[in-house]
Amino acid sequence: MFHILVAEDNDAYRKLLRIHLVRAGYEVFEAGNGSQALEILANETIHLLIADIMMPEMDGFELTSQIRNANFSLPILIISAKNTLDDKREGFKTGADDYMTKPFSPSELVARVKAHLARYERLVSSAKEANDIIEIRGLKIDKTARRVFVD
């Protein structure tokens, strides 16, 4: 099961995101600011971060920058009411993988989360199993590929 961290200072908005993400099958961790998010990242296995820009103590840009400087490779999706091109550029410049402006459809957020996690899994996963091969005196049987080799 994938673990998603939602860093959002608005309690109601954070809970709404939690409901939709849990319904989609994810385990959700919550942080009310960037400092709490860094603490959770240090203690939990997180596969994707959703971060608001305007948070107390540490904003989403600073959070994203610190995560990238610490060499975390998880996907980061920024959500914000700030919708200027400069804000979006700053988000990508600090290391975000995606940027959504509020308000947005929760189903679109879930679709983007699924896409980022699928890409993340393809890039970092070593889940690809090696072929099941049997070798006996010059005969090699690849059970996975259903091929037989002689000498």
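Model, not experiment: these values are computed from the prediction. (Residues numbered from 1 in each chain as written. Predicted model: local features only at pLDDT ≥ 70, side-chain atom pairs only at ≥ 80, totals over all residues. Heavy atoms only, no water.)

**Observations concerning the side chain of S80**
By secondary structure assignment, the location of S80 is in strand 4 (residues 76–80). Among residues more than four places away in sequence, those in contact with S80 are D52, I53, Y99, M100, T101 and K102. (Helix = DSSP H or I, 4+ residues; strand = E, 2+ residues; numbered from the N terminus. Contact = heavy atoms within 4.5 Å.)

**Details of the packing of aromatic side chains**
Considering all chains together, one arrives at 1 aromatic pair under this definition. On the numbers, 6.1 Å between centres and 90° between planes, the contact of Y13 with F104 is edge-to-face. Of this pair, Y13 sits in helix 1 (residues 11–23) while F104 sits in the loop between strand 5 (98–101) and helix 5 (106–124), and the two are 91 residues apart along the sequence. Taking the relative accessible area as the measure of exposure, F104 reaches 14% and is therefore buried. Across from the ring centre of Y13, 4.4 Å away, lies the NZ or CZ of K102, which sits over that ring. (Phe/Tyr/Trp six-rings, centres within 6.5 Å; stacked < 30°, edge-to-face > 60°. Buried < 20%, exposed > 50% of the residue type's maximum accessible area, 1.4 Å probe, protein only. Lys NZ or Arg CZ within 6 Å of the ring centre and 35° of its normal.)

**Digging into the packing of helix 1 against helix 5**
As a packed pair, helix 1 and helix 5 sit with axes 10 Å apart at the nearest point and diverge in direction by 55°. Judged by the inter-axis angle, helix 1 sits oblique to helix 5. By crossing handedness, the relation of helix 1 to helix 5 is classed as right-handed. Of the residues in helix 5, those touching helix 1 at L17, H20 and L21 are P106, L109, V110 and V113. (Axes fitted to C-alpha atoms, helices over the stretch in contact; angles between N-to-C directions. Parallel < 35°, antiparallel > 145°, perpendicular 65-115°, else oblique. Left-handed = near helix turned anticlockwise from the far one by under 90°.)

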